[in-house]
Amino acid sequence: MNFKNIFLCVLFSFCTISCSSLWKKITGKDSDIEGDMAGDIVSQDMDADQRGSDTGDISGLSSVFFAYDSSVLSEDTKDTLKENVEWIKDNSRVSRVELEGHCDPMGSEAYNIGLGLRRAQAVKTYLVSLGVSEDKFSIVSYGEERPLSQTDNSKNRRVNFVPIY
C-alpha cells in the first residue's frame, strides 16, 4: 500500500468515527452520559406507546406539571403521581415507563436539558418511594424541543409518561 492509500484509509476511518459520534449526540442513542443516571437514559423502543400521557388518551396515566424553573413536586403533582402508580401496578403488560422531562423555552438549551432531567429524576424518586421498582423507569430529557403549546409555557413544564410494552 502506498502512502496515498494509507492516508485515505485513515481519513475514511476518522470521518466514520466522527459521523458516528455526531449521530449519537444528535439522536441521543448510545449516550456518553456518565454517572448515576447513565443507566436511565434509553433510546426509544419500537414497542413504546408513542402517545404517552401527554395526549390524555391513556385513562389513569397523566403527565405532571412544574412551576417555572423548578423540579419540586407540588402536592397536586404528588396526588397525580399516586394515581399513576395505581395505573402502573394495574398494567402488568407494561415492562417499563419512560419518564420524559420537558421545559419551556425560557433558558439555554443546555440548562433546559438539565432541568428536564431533574424533573424526570424527581418524579422517578417519588414513584420509587411509593413502592414501584426503580427498574420500572427510564428517564430522558427533551428540554424545550417537544412543546405541547406555543402560547402557554406552563403546559410545557412537565414530565410525560410513555408506557413501553
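Summarised in this report is the structure supplied together with it. Every chain is numbered independently, its residues counted from 1 as its sequence is written. Where totals are concerned, whole chains, interfaces and linings use all residues; where local detail is concerned, this predicted model gives features only for residues with pLDDT of at least 70, and gives and counts side-chain atom pairs only at 80 or more. In computing side-chain values, all of the structure's heavy atoms are included and hydrogens and water are not.

1. Some remarks on the overall build of the protein
Where helices and strands are cited, they refer to DSSP runs of H or I of at least four residues and of E of at least two residues respectively, numbered from the N terminus. A tally of helices and strands in the protein yields three helices and four strands. Listed by position from the N terminus, the elements making up the protein come as α-β-α-β-α-β-β. Counting all 165 residues of the protein, 37% fall into the buried class. Of the contacts formed within the protein by residues at least 6 apart in sequence, a portion of 76% connects residues at least 24 apart. Surface summary for the protein: the accessible area is close to 9,900 Å², and the carbon and sulfur share equals 55%. Working definition: with a 1.4 Å probe on protein chains only, accessible area under 20% of the residue-type maximum means buried, over 50% means exposed, and in between means partly exposed. Here, two residues are considered to be in contact whenever any of their heavy atoms come within 4.5 Å of each other. For every accessible area listed, the method is Shrake-Rupley and the probe measures 1.4 Å; residues are considered covered only by the protein chains on display.

2. Some remarks on the nonpolar core
By nonpolar core is meant a set of buried Ala, Val, Leu, Ile, Met, Phe, Trp, Tyr and Cys residues that side-chain atoms within 4.5 Å join together. Membership of the largest hydrophobic core comes to 23 residues, with the highest contact counts inside it found for Leu81, Leu99, Val123, Leu127 and Phe161. Those elements giving two or more residues to this core turn out to be helix 2 (75-90), strand 2 (96-102), helix 3 (109-129), strand 3 (137-143) and strand 4 (158-164). Looking at which element gives the most residues to this core, the answer is helix 3, with six residues. Leaving out residues up to four positions away in the same chain, Leu99 has contacts with Ala120, Val123, Lys124, Leu127, Phe137, Ser138, Ile139, Val140, Val159, Asn160 and Phe161.

3. Points about helix 3
End to end, helix 3 covers 30 Å across 21 residues, agreeing with the expected 30 Å (1.5 Å per residue, within 8%). Close packing links the buried residues of helix 3 with strand 1 (64-65), helix 2, strand 2, strand 3 and strand 4. Just past helix 3, the residue Gly131 takes up positive phi, approximately 105 degrees. Helix span is expected to be 1.5 Å times the residue number reduced by one.

4. A few points about the packing of aromatic side chains
For this analysis, a ring pair means two rings from Phe, Tyr or Trp (six-membered ring only for Trp) whose centres lie within 6.5 Å, classed as stacked if their planes differ by under 30 degrees, edge-to-face if by over 60, and tilted for the remaining angles. Counted according to the given criterion, the structure contains zero aromatic pairs. Each ring is checked for a lysine NZ or an arginine CZ that lies within 6 Å of its centre and within 35 degrees of its normal; such an atom marks a charge sitting over the ring. The ring centre of Tyr111 lies 5.4 Å from the NZ or CZ of Arg118, which sits over that ring. Above the ring of Tyr142, the side-chain terminus of Arg146 is found at 3.8 Å from the ring centroid.

5. Structural notes on the pairing of strand 4
Strand 4 sits mainly inside the fold: seven of its seven residues count as buried. The alternating pattern of strand 4 places Arg158, Asn160, Val162 and Ile164 and Val159, Phe161 and Pro163 on opposite faces, both of which are buried. For two strands to be treated as a pair, DSSP must find no fewer than two bridges joining them. Strand direction decides the pairing type here: strand 1 and strand 4, joined by two bridges, are antiparallel. Across the sheet, residue Val64 finds its bridge partner in strand 4, namely Val159.

6. Quick notes on the environment of Ala122
Structurally, the position occupied by Ala122 is in helix 3. Separated by 21 residues in the primary sequence, Ala122 and Gly101 place their C-alpha atoms 10.0 Å from one another. If we ignore the near neighbours within four places in the chain, the residues touching Ala122 are Ser71 and Leu73.

7. Comments concerning the sheet that holds strand 1
Strand order in the open sheet formed by four strands is 1-4-2-3, with mixed pairing between adjacent strands. Each of the sheet's edge strands pairs with one partner strand only, and the pair in question is strand 1 and strand 3. Orientation is described by lines fitted to C-alpha atoms, with helices fitted over the stretch in contact, and by angles between N-to-C directions that extend from 0 to 180 degrees. Helix-sheet contacts for helix 3 involve strand 1, strand 2, strand 3 and strand 4, and the interaxial angle to strand 3 is about 155 degrees.

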